[in-house]
Amino acid sequence: MNRQFRVAVVGATGLVGETMITVLEERGFPVSQLHALASNRSLGRSVSFRGRSYPVQELADFDFAHCDFALFSAGAQVSREYVPRAVAAGCLVIDNSSEFRYQEDVPLVVPEVNLHALDAIGTRGIVANPNCCTIQMVMVLKPLYEAAGIERIDVATYQAVSGAGREAMEELARQSIAALSGQGAVATHAGGGQIAFNCVPHIDSFQDNGYTREEMKLVWETRKILGDPAIRVNATAVRVPVFYGHSEAVHLQTRRPLSAAQARELLRKAPGITVLDEPRAGGYPTAATEAAKRDTVYVGRIREYLAPDRGLNLWIVADNVRKGAATNSVQIAQALAQRPI
């Protein structure tokens, strides 16, 4: 790339925002100016980028006319208020919140899966980054979908506390220390319940249908990204005492027969995916040993249903902060930056 771009990171002091800045540097994104934006609570702090220190600027006072790209990761409420301002100033926005994901004229993009959707960016100037669990699942499903179609997906997610931010990670650490010290894992203000040595089947708000919003995100986003509203998706989202890396047990029914051996071969050729699938101890990926701190999506435990009904079972893990958020956002920015003026 010969062009250089002025880039703003909104939510720069948060877990994902900090990682966005790291990934921009790791991937050599052509940044001429970096603006680290956050609320006034973060004033006085700084971020590091390419050996330089950049002071955090207050989002409320920032003029987005000084930027070509804005990467948002500060929650839906902040995106609702400031993304339209950024777009009106001529800035291309990649938003990591759920605010714009389900709007028809906003592309929802995983570059390895549906990069062509960027053609629909149009005058809105917004690209939505999918939910972290959706990203890793559709990356694995895409080659299987193209080969055999998919009728139904049943998925249970086992989601790391980093998905709820730094405060939730600190809460897990506090509870774990307390429990191991014999004091009991007492919840404080951040967690809303015991997470240390526990599994909590509740992420995001409950909806009228009894599912949580986190579970419905997998339904809405999988259909939109794969472009198939007929796919039936049934999800259960669980928070588990893991710091980094989401895990998913995925059970899918294909429209045409597809063996486990065929699925393995397709997935070995798929971009961004590593297959670890051997029937032995350690012959499968886990969040802590493979996924954490990496951008790869790992898949294992690939096997056919016991009943002969075109079914496959899969185990998928990925780092939710990197590929599930920051890296996917930067990949979108890279794809947009490479387009002709």
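Note that the coordinates shown come from a computational prediction; the quantities given were computed from them, not determined experimentally.

## Some details on the packing of helix H1 (residues 15-26) against helix H9 (residues 322-337)
It is the contact of H1 with H9, at a shortest axis distance of 9 Å, that shows an interaxial angle of 50°. One finds that H1 runs oblique with respect to H9. When the axes of H1 and H9 are compared, the crossing they make is right-handed. When H1 is examined against H9, the residues Val-16, Thr-19, Met-20, Val-23, Leu-24 and Glu-26 are found in contact with a partner set consisting of Arg-322, Ala-325, Ala-326, Thr-327, Ser-329 and Val-330. Considering only residue class, the contact of H1 with H9 consists of 7 nonpolar, 3 polar and 2 charged.

## A few points about the packing of helix H4 (residues 132-148) against helix H6 (residues 213-226)
In contact at an axis separation of 10 Å, H4 and H6 are set at 45° when each is read in the N-to-C sense. The angle between the axes of H4 and H6 places the two elements in the oblique class. Considering only the axes of H4 and H6, their crossing is right-handed. Residues Cys-133, Thr-134, Met-137, Val-138, Lys-142 and Tyr-145 of H4 lie in contact with H6, whose contacting residues are Lys-217, Leu-218, Glu-221, Thr-222, Ile-225 and Leu-226. Of the residues that constitute the contact of H4 with H6, the class distribution is 7 nonpolar, 2 polar and 3 charged.

## Let's talk about the pattern of salt bridges
For the structure shown, the criterion picks out 21 salt bridges. Glu-99 serves as the salt-bridge partner of Arg-80, at 3.0 Å between the closest nitrogen and oxygen. Highlighted residues: Arg-80 in helix H2 (residues 76-88) and Glu-99 in the loop between strand E6 (92-95) and helix H3 (111-114), separated in sequence by 19 residues. With relative accessibility at 47%, the residue Arg-80 sits in the partly exposed group. The shortest N-O distance in the salt bridge between Asp-228 and Arg-255 comes to 3.0 Å. On the criterion of sequence distance, the pair formed by Asp-228 in the loop between H6 and strand E9 (232-239) and Arg-255 in the loop between strand E10 (246-254) and helix H7 (260-268) is long-range, its members being 27 residues apart. By relative accessible area, Asp-228 is classed as buried at 9%.

Scoring rules and cut-offs
- Each chain has its residues counted from 1, running along the sequence as written.
- Given that the model is predicted, a residue must reach a pLDDT of at least 70 before its local features are reported, and side-chain atom pairs must reach 80 or more before they are shown or counted; all residues, however, enter totals for whole chains, interfaces and linings.
- Each side-chain value is worked out from all heavy atoms of the structure, with water and hydrogens disregarded.
- Axes, fitted as lines to C-alpha atoms, cover a helix only where it is in contact. Angles between the N-to-C directions of the axes lie from 0 to 180 degrees.
- For the purposes of this entry, the term helix denotes a DSSP run of H or I that reaches at least four residues, the term strand denotes a run of E that reaches at least two, and both are numbered from the N terminus.
- For this classification, under 35 degrees means roughly parallel, over 145 means roughly antiparallel, 65 to 115 means roughly perpendicular, and everything else is oblique.
- Handedness of each helix crossing follows the sense of rotation of the near helix against the far helix: counterclockwise by less than a right angle gives left-handed, clockwise gives right-handed.
- Should any heavy atoms of two residues lie within 4.5 Å, those residues are considered in contact.
- Each residue receives one of three labels: charged for Asp, Glu, Lys and Arg, nonpolar for Ala, Val, Leu, Ile, Met, Phe, Trp, Tyr, Cys and Pro, and polar for the others, Gly being one of them.
- For this analysis, a salt bridge means a side-chain nitrogen from Lys or Arg found within 4 Å of a carboxyl oxygen belonging to Asp or Glu.
- Throughout, exposure labels follow a simple rule: accessible area from a 1.4 Å probe, protein chains only, divided by the maximum for the residue type, with under 20% read as buried, over 50% as exposed, and the rest as partly exposed.

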